[in-house]
Amino acid sequence: TGCGERVRGGIFYLTSSGAKRTVAAGITARKQYTGGAWVAITGTAWTGAATNQARFVEFPKAGTTFIIGVNGKDATIGWDGAAATDSDLGGGAPIAKAVTSCANRGIYGNVILAAVNYPASFMYSESNDHTTTKAASLVSVGEGTGQIIAVRNLGVQSFAIYTRRGQYVATSQGGAVP
């Protein structure tokens, strides 16, 4: 492909100023389509395999639209749409197979935290801050539900959790859990 490797996921979004952005991820690299060509924005290369799908979500913060990217094997990345490269998100963001945003938080599904796999759990970032995710935000959907396949925004205050054995809706509330 023009992207340089098989595309494993991508996102099209508008920046806060209305500029169009298209980002695609292969097994190792992330690129932005701009000016009729694919331009590398990869900070740290991912090390996944063909089975590691890339997932992205946009996250508005302080007048900037960031993207958050996951692949289920490597560190979660963040990009502001303007920097030369993306970067590892850090701040406690888990390795995750699924990502969405809801209630001004990043939501990560099917996570790995401190080298321990939590396939039936999700985590959420601090409110209005996708760069800070505390270990205490780990929420188990339940082992009987099967592993989380996807998390998807349903609106301002709720998101869907799709598992191998069911579909669930989480609704934000005041307090520690969104």
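Look a little higher up for the structure.
First, a word on scope: everything that follows refers to the structure included in this document.

Analysis parameters
- Residues numbered from 1 in each chain as written.
- Predicted model: local features only at pLDDT ≥ 70, side-chain atom pairs only at ≥ 80, totals over all residues.
- Heavy atoms only, no water.
- Pairing = 2+ DSSP bridges.
- Helix = DSSP H or I, 4+ residues; strand = E, 2+ residues; numbered from the N terminus.
- Phe/Tyr/Trp six-rings, centres within 6.5 Å; stacked < 30°, edge-to-face > 60°.
- Buried < 20%, exposed > 50% of the residue type's maximum accessible area, 1.4 Å probe, protein only.
- Lys NZ or Arg CZ within 6 Å of the ring centre and 35° of its normal.
- Contact = heavy atoms within 4.5 Å.
- Core = buried A, V, L, I, M, F, W, Y, C linked by side-chain atoms within 4.5 Å.

1. Let's talk about the pairing of strand β5 (residues 55-61)
Alright, step 1. In the sheet, β5 pairs with strand β6 (residues 64-70) via seven bridges, with the strands oriented antiparallel. Its bridge partner being in β6, proline 60 is matched across the sheet by threonine 65.
Alright, step 2. Between β5 and the antiparallel strand that follows it, β6, lie two residues; alanine 62 among them carries a positive phi value of about 50 degrees.

2. Observations regarding the packing of aromatic side chains
Alright, step 1. Inspection of the entire model under this criterion finds three aromatic pairs.
Alright, step 2. Each ring, one from phenylalanine 122 and one from phenylalanine 159, has its centre 5.3 Å from the other, and the planes form 85 degrees; the classification is edge-to-face. Here phenylalanine 122, found in strand β11 (residues 116-124), pairs with phenylalanine 159, found in strand β14 (residues 158-163); they are 37 residues apart in sequence, far enough to count as distant.
Alright, step 3. With a relative accessible area of 2%, phenylalanine 159 lands in the buried category.
Alright, step 4. Across the ring face of tryptophan 46, the terminal group of arginine 30 is positioned such that the distance to the ring centre comes to 4.5 Å.

3. Observations concerning the sheet that holds β6
Alright, step 1. Pairing within the open sheet is antiparallel, and its four strands lie in the order β5-β6-β7-β8. The open sheet has two edge strands, β5 and β8 (87-88), and neither has a second partner.
Alright, step 2. Alignment of β6 against strand β7 (residues 77-79), held across three bridges, turns out to be antiparallel. The residue of β7 that forms the bridge with isoleucine 68 is glycine 78.

4. Observations concerning the side chain of threonine 145
Alright, step 1. Note on placement: threonine 145 falls in the loop between β12 (139-140) and β13 (148-153).
Alright, step 2. Contacts of threonine 145, omitting those with residues within four sequence positions, involve Ala120, Thr163, Arg164, Arg165, Gly166 and Tyr168.

5. Here's the deal with the nonpolar core
Alright, step 1. The biggest cluster of nonpolar side chains holds twelve residues, and these are Val57, Phe59, Ile68, Val70, Leu89, Ala93, Ala96, Val99, Tyr108, Val111, Leu113 and Met123.
Alright, step 2. Listed by contribution, the elements that provide at least two residues to this core are β5, β6, β9 (95-102) and β10 (105-113).
Alright, step 3. Broken down by element, this core gets its largest block of residues, three residues, from β10.
Alright, step 4. Ignoring anything within four residues of it in the chain, the contact list for valine 99 reads Arg55, Phe56, Val57, Ile68, Val70, Ile107, Tyr108, Val151 and Arg152.

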